[in-house]
Amino acid sequence: ILVAGPFQLQTQPFARNLIRLNANGSLDSSFRLADVFTGLVYAIAIQPDGKIIIGGEFSFGGEPPYYVARLNPDGTVDPSWVPAALDGEDTCVQAIAVQKDGKVLIGGSFSTYNDVPRANLARLNSDGTLDEEFVTAPELTPWVGQIEIQENGKILVLTPAPRPLLRFNPDGSLDPEFNAENVAALAIWPMALQHDGKILAGFSALDD
């Protein structure tokens, strides 16, 4: 079990901000982030090969902030993942989802990915480079808090009001067949997919 948050275990100096627990809840001492790791992890996704993609706002050894990185199963940084520079107001990555083809969706608060315009939602190739074929309309996503991928490859995204739940086609275009506009909500948080394809969502309702 991977656990992230602003913490440090006093008895284990290496155990901070991101740890892994064994099935019985004990600390897995074989998983260690680099001693130079600082910052917070907000999102975690595990690939089929056991590698771990993390999102948030963090740094390794005082280098420029990372917002998304890939770790090997033992917690070391995967050097085959291409580092990315994100920019924007309150920049961070809050959501990650891995597609069946190995491509990675990231969401959060950012306006560019390696100087290429991307409005808070981007898709990466399996090596961390930007998939430039996936483009969404910038006005649709003030920020992204969660991403879920349906069996048909369509992408569900949580954003703030007035349209808190959106669905995109695999190419990044908005799916016009999905209509959640009747959900008058300040925010939907969180959501989960059932095996039958239906969507569970909690939301804070608007007064009207």
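Going by the structure above, here's the rest.
This report concerns the structure included in the present document. In this text, all values refer to a predicted model and were calculated from it rather than measured experimentally.

## A look at the layout of surface pockets
- For the largest pocket, the calculated volume is near 320 Å³.
- Surrounding the largest pocket, 13 residues form its lining, Ile149, Gln150, Glu151, Asn152 and Leu193 being those nearest its centre.
- For the lining of the largest pocket, the class distribution of residues is three nonpolar, seven polar and three charged.

## Considerations on the sheet that holds strand β3 (residues 37-46)
- If you walk across this open sheet you meet the three strands as β3-β4-β5, and the pairing is antiparallel. Of all strands in the sheet, those bounded by a partner on one side alone are β3 and β5 (66-71). Between one strand and the next, the sheet's axes are offset by a mean angle of 30°, whatever the strand orientation.
- With five bridges connecting them, strand β4 (residues 52-60) and β5 associate as antiparallel partners.

## Some points on the pairing of strand β13 (residues 155-158)
- On β13, burial covers both faces: Ile155 and Val157 on one face and Leu156 and Leu158 on the other are all buried.
- Pairing analysis gives four bridges linking strand β12 (residues 146-149) to β13, with the strands arranged antiparallel. Counterpart to Gln146 in the pairing with β13 is Leu158.
- Linking β12 back to β13 in an antiparallel pair, the connection comprises five residues, with Gly153 at a positive phi of about 90°.
- Relative to strand β14 (residues 165-168), β13 is paired through four bridges, and the arrangement is antiparallel. Note on β14: the bridge partner recorded for Leu158 is Leu165.

## Describing the environment of Ala95
- Among the structural elements, Ala95 can be located in strand β7 (residues 92-98).
- Among the residues examined, Ala95 registers a relative accessible area of 4% and is labelled buried.
- Sequence separation between Ala95 and Ile106 is 11 residues; the distance between their C-alpha atoms is 5.6 Å.

## Thoughts on the nonpolar core
- Membership of the largest hydrophobic core comes to 17 residues, with the highest contact counts inside it found for Leu86, Ile96, Val104, Ile106, Tyr113 and Leu124.
- The set of elements that each furnish at least two residues to this core consists of β3, β5, β7, β8 (104-109) and β11 (121-124).
- If we ignore the near neighbours within four places in the chain, the residues touching Val104 are Ile53, Trp81, Ile96, Ala97, Val98, Ala122, Arg123 and Leu124.
- Counting 13 residues, the second largest nonpolar core, distinct from the first, contains Leu18, Ile52, Ile54 and Phe60.

## Some points on the environment of Tyr67
- Structurally, the position occupied by Tyr67 is in strand β5.
- In sequence terms Tyr67 and Leu86 are 19 residues apart; their C-alpha atoms lie 7.1 Å from each other.
- The contacts of Tyr67, once residues within four sequence positions are left out, are Ile54, Gly55, Gly56, Glu57, Phe58, Leu86, Thr91, Cys92 and Val93.

## Description of the sheet that holds β14
- Taken in spatial order, the three strands make up an open sheet running β12-β13-β14, and their pairing is antiparallel. Each edge of the open sheet carries a strand with a single partner, namely β12 and β14. Averaged over all pairs of adjacent strands, the angle between their axes in this sheet comes to 20°, without regard to strand direction.

Cut-off values and rules
- Residues numbered from 1 in each chain as written.
- Predicted model: local features only at pLDDT ≥ 70, side-chain atom pairs only at ≥ 80, totals over all residues.
- Heavy atoms only, no water.
- 1 Å grid on protein atoms, 1.4 Å probe; cavity = no way out; pocket = protein on both sides within 12 Å on 5 of 7 lines; lining within 4 Å.
- Points joined across faces, edges and corners; volume = space filled by probe spheres on them.
- Nonpolar A, V, L, I, M, F, W, Y, C, P; charged D, E, K, R; others polar.
- Pairing = 2+ DSSP bridges.
- Helix = DSSP H or I, 4+ residues; strand = E, 2+ residues; numbered from the N terminus.
- Axes fitted to C-alpha atoms, helices over the stretch in contact; angles between N-to-C directions.
- Buried < 20%, exposed > 50% of the residue type's maximum accessible area, 1.4 Å probe, protein only.
- Core = buried A, V, L, I, M, F, W, Y, C linked by side-chain atoms within 4.5 Å.
- Contact = heavy atoms within 4.5 Å.

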